[in-house]
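# Residue-level structure breakdown
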Amino acid sequence: MHTSFRIGQTTVMASDGCSAEKPLFQGFSLSLSVPNESEADRVFAALAEAGQVRMPLMKTFWSPRFGMVADRFGIGWMITVTPAGQK
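Described below are features of the structure shown in this document. (Residues numbered from 1 in each chain as written. Predicted model: local features only at pLDDT ≥ 70, side-chain atom pairs only at ≥ 80, totals over all residues. Heavy atoms only, no water.)

## Some points on the pairing of strand E3 (residues 28-34)
When you tally the buried positions in E3, you get five out of seven residues, the bulk of the element. As paired elements, E3 and strand E6 (residues 76-81) share six bridges and run parallel to each other. Paired with Ser33 across the strands is Thr80, a residue of E6. (Buried < 20%, exposed > 50% of the residue type's maximum accessible area, 1.4 Å probe, protein only. Helix = DSSP H or I, 4+ residues; strand = E, 2+ residues; numbered from the N terminus. Pairing = 2+ DSSP bridges.)

Here you go:
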């Protein structure tokens, strides 16, 4: 399942994973869409503090900046910059 909701000007997206094991934080990731690269850098650095970078922020074919990180609680996050012209 996938869902998205807005908090202020931020869109939060969530999806579950498939796990035959006992449910853990590893069974899902949260995705934040931010308006620009500097905000992506700021959010990513804050989540990575005492956490683990799974994929550094980098340019992808769908975003000028995308990265994956597990925060200090083990919750997975995907940070993406919304391309110009998209909401």
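What follows continues from the structure just given.
## A short note on the packing of aromatic side chains
This structure, assessed with the given rule, holds two aromatic pairs. The interplanar angle of 85° and the centroid separation of 4.9 Å between the aromatic rings of Phe61 and Trp62 together place this pair among those described as edge-to-face. Residue classification places Phe61 among the exposed positions, given a relative accessible area of 80%. With a relative accessible area of 40%, Trp62 lands in the partly exposed category. (Phe/Tyr/Trp six-rings, centres within 6.5 Å; stacked < 30°, edge-to-face > 60°.)

## Describing helix H1 (residues 37-48)
The end-to-end C-alpha separation of H1 is 16 Å, in line with the 16 Å expected for 12 residues at 1.5 Å each. Of all the positions in H1, only Ala40, Val43, Phe44, Leu47 and Ala48 are classed as buried. The buried residues of H1 all sit within an arc of 130° when viewed along its axis, so they share a single face. When the buried face of H1 is taken as reference, the exposed residues oriented beyond 90 degrees from it are Ser38 and Arg42. Contacts from the buried residues of H1 go to E3, strand E4 (52-58), strand E5 (66-70) and E6. Of the residues trailing H1, Ala50 is marked for its positive phi of about 65°. (Expected span 1.5 Å × (residues − 1). Arc of directions from axis to C-beta. Contact = heavy atoms within 4.5 Å.)

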